[in-house]
Amino acid sequence: MHRKRLICGIDEAGRGPVIGPLVVAGVQIDDEKVLEDTGVRDSKKCTPERRERLAKIIRDRAKAIDLVVLDAEEIDNLRSKMTLNEIEVDAFCKVMRSLRSDVYYVDSADVDEKRFARALKMRLDFDAEIISSHKAEEKFLVVASASIIAKTTRDKLVKEIEEELREKLDLPLGSGYPSDPITMKFIKEWKRRFGGLPPYVRKSWKTIKRLSHQQMKLW
């Protein structure tokens, strides 16, 4: 009797924020039908409450799940010698090795989908099919599932960061993205009051570098 073909979807959450971790999640299944009736969709199209409900279903039905979490300091250290795309390739490969599968569906971090697949394949010490696509979370349920696991994990970690930092500065942290005025207000006010950047900030980000070079007058 032939063993079932193992399928793995991989996606990330937190590529662009100025604060908090980058989370890469892998969801492995041995039957594509296990996710069909879940209502799983791309995490960005779900409410936080729906994501949490779906995450529980995915964890129950997946054969295995793996996470790679890179905090802000790790990202800054890696950025000194690697591009963000290379950091993602490395993190995706860690998940791939942990969840050894026959086929991987991955959300391409590179503008060139095939180049991203080649970069991943070069780092594996076993043979596997890699299907790299932009917006893969909208095309493949297994990638949408990984997207939900990654997003709910990052949201939990950001909430923990906010709870810790609010003990010193009682302001909401926001999403952590530079486009979020709540996040930028928090960082600027922290810098104004304490003379430096708050913990968990990605100092290698251009937005933060510009802010660091500003004078105390921030508004």
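If you're wondering where the values come from, they're calculated on a predicted model, not measured in any experiment. Residue numbers here run from 1 along each chain, matching the order of that chain's written sequence. Per-residue local features are limited, in this predicted model, to residues with pLDDT of at least 70; the limit for side-chain atom pairs, both in listing and counting, is 80 or more; totals at the level of whole chains, interfaces and linings are taken over all residues. No hydrogens and no water enter the side-chain calculation; it runs on all heavy atoms of the structure.

Turning our eyes to something else, we now look at the packing of helix H1 (residues 48-61) against helix H6 (residues 141-165). Geometry is summarised by axes, namely lines fitted to C-alpha atoms with helices restricted to the contacting stretch, and by angles between N-to-C directions that run from 0 to 180 degrees. Secondary structure follows DSSP: runs of H or I at least 4 residues long count as helices, runs of E at least 2 residues long count as strands, and numbering of each begins at the N terminus. Interaxial distance between H1 and H6 falls to 9 Å at its minimum, and their mutual angle equals 120°. Considering the angle they form, H1 stands oblique to H6. Between H1 and H6 the crossing geometry is left-handed. Across the interface between the two elements, Arg51, Glu52, Leu54, Ala55, Ile58 and Arg59 from H1 touch Ser145, Ile148, Ile149, Lys151, Thr152, Thr153 and Asp155 from H6. Angle categories are assigned with fixed cut-offs, so that under 35 degrees is roughly parallel, over 145 is roughly antiparallel, 65 to 115 is roughly perpendicular, and the rest are oblique. In a left-handed crossing the near helix is turned counterclockwise from the far helix by less than a right angle, and in a right-handed crossing that turn is clockwise. What makes two residues a contact is simply this: any of their non-hydrogen atoms within 4.5 Å.

Another aspect to go through is H1. Every helix has an expected span of 1.5 Å times one less than the residues it contains. The first and last C-alpha atoms of H1 sit 20 Å apart over 14 residues, in line with the 20 Å expected at 1.5 Å per residue. Relative accessibility under 20% of the residue-type maximum defines a buried residue, over 50% an exposed one, and the middle range a partly exposed one, all with a 1.4 Å probe and only protein chains included. Those residues of H1 that fall on the buried side of the exposure criterion are Arg51, Leu54, Ala55 and Ile58. The arc that holds every buried residue of H1, seen down its axis, measures 115°, which confines them to one face. Exposed side of H1, more than 90 degrees from the buried face: Glu49, Arg53, Lys56 and Asp60 are the residues found there. Where the residues of H1 are buried, they touch strand S2 (22-29), strand S3 (64-70) and H6. Arc, as used here, means the arc of the directions from the helix axis to the C-beta atoms.

As a further point, take the pattern of salt bridges. Any carboxyl oxygen of Asp or Glu within 4 Å of a side-chain nitrogen of Lys or Arg constitutes a salt bridge here. Summed over the entire model, instances satisfying the criterion amount to 12 salt bridges. Taking the shortest distance from any N to any O, the salt bridge between arginine 115 and aspartate 110 comes out at 2.7 Å. What makes aspartate 110 buried here is its relative accessible area of 11%. Two residues, lysine 151 and aspartate 155, come together in a salt bridge whose shortest N-O distance is 3.3 Å. Of this pair, lysine 151 and aspartate 155 both sit in helix H6, 4 residues apart, which is roughly one turn of the helix. By relative accessible area, which is 22% here, lysine 151 ends up partly exposed. Shared partners join several salt bridges into a network, and the residues in it are Arg51, Lys151 and Asp155.

In predicted models, pLDDT denotes the confidence assigned by the predictor to each residue on a 0 to 100 scale. Looking at the protein as a whole, the pLDDT averages 93, with 95% of positions reaching at least 70. Considering only residues more than four positions removed or in separate chains, one finds that residues 215-219, a stretch of pLDDT under 50, has 8 contacts.

Turning our attention to the nonpolar core. As used in this record, nonpolar core signifies buried Ala, Val, Leu, Ile, Met, Phe, Trp, Tyr and Cys residues forming a set joined through side-chain atoms within 4.5 Å. Ranked by size, the top nonpolar core spans 42 residues in total, and within it Ile10, Tyr104, Val106, Leu120 and Ile130 carry the most contacts. A per-element tally of this core places helix H3 (residues 84-98) first, with 8 residues. Beyond its immediate sequence surroundings of up to four residues, isoleucine 10 is in contact with Val24, Ala25, Gly26, Phe92, Val95, Met96, Tyr104, Tyr105, Val106, Asp107, Val143 and Ala146. Of all hydrophobic cores here, the second largest spans 23 residues; its members include Ala13, Ala25, Ile58 and Val142.

Read from one edge to the other, the open sheet built from 5 strands follows the order S3-S2-S1-S4-S5, with strand pairing classed as mixed. Every other strand in the sheet has two partners, leaving S3 and strand S5 (129-133) as the edge strands with one partner each. Sheet twist, expressed as the mean angle between neighbouring strand axes with direction ignored, is 15°. The criterion for strand pairing is that DSSP finds at least two bridges linking the strands in question. As judged from the 7 bridges shared by S2 and S3, these two strands associate in the antiparallel manner. Counterpart to valine 23 in the pairing with S3 is valine 69. Against the sheet, helix H2 (residues 72-79) makes contact with S2 and S3, and its axis sits at roughly 70° relative to S3, the strand it touches most. The strands touched by H6 are strand S1 (7-13), S2, S3 and strand S4 (103-107); relative to S1, the strand with the most contacts, the crossing angle is about 40°.

Before going further, it helps to spend a moment on a negative patch on the surface. Patch members must show over 30% relative accessible area and no salt bridge, and they are joined within 9 Å when carrying like charges or within 5 Å when they are nonpolar side chains of Val, Leu, Ile, Met, Phe, Trp or Tyr. Accessible surface is estimated by sampling points in the Shrake-Rupley manner with a 1.4 Å probe; for residues, cover comes only from the protein chains shown. Charge assignment: positive for Lys and Arg, negative for Asp and Glu; neither His nor the chain ends contribute. To locate a charge, the coordinates of NZ of Lys, CZ of Arg, CG of Asp or CD of Glu are taken. Together, Glu160, Glu163, Glu164 and Glu167 make up a negatively charged patch on the protein surface. Inspection of the secondary structure puts glutamate 163 in helix H6.

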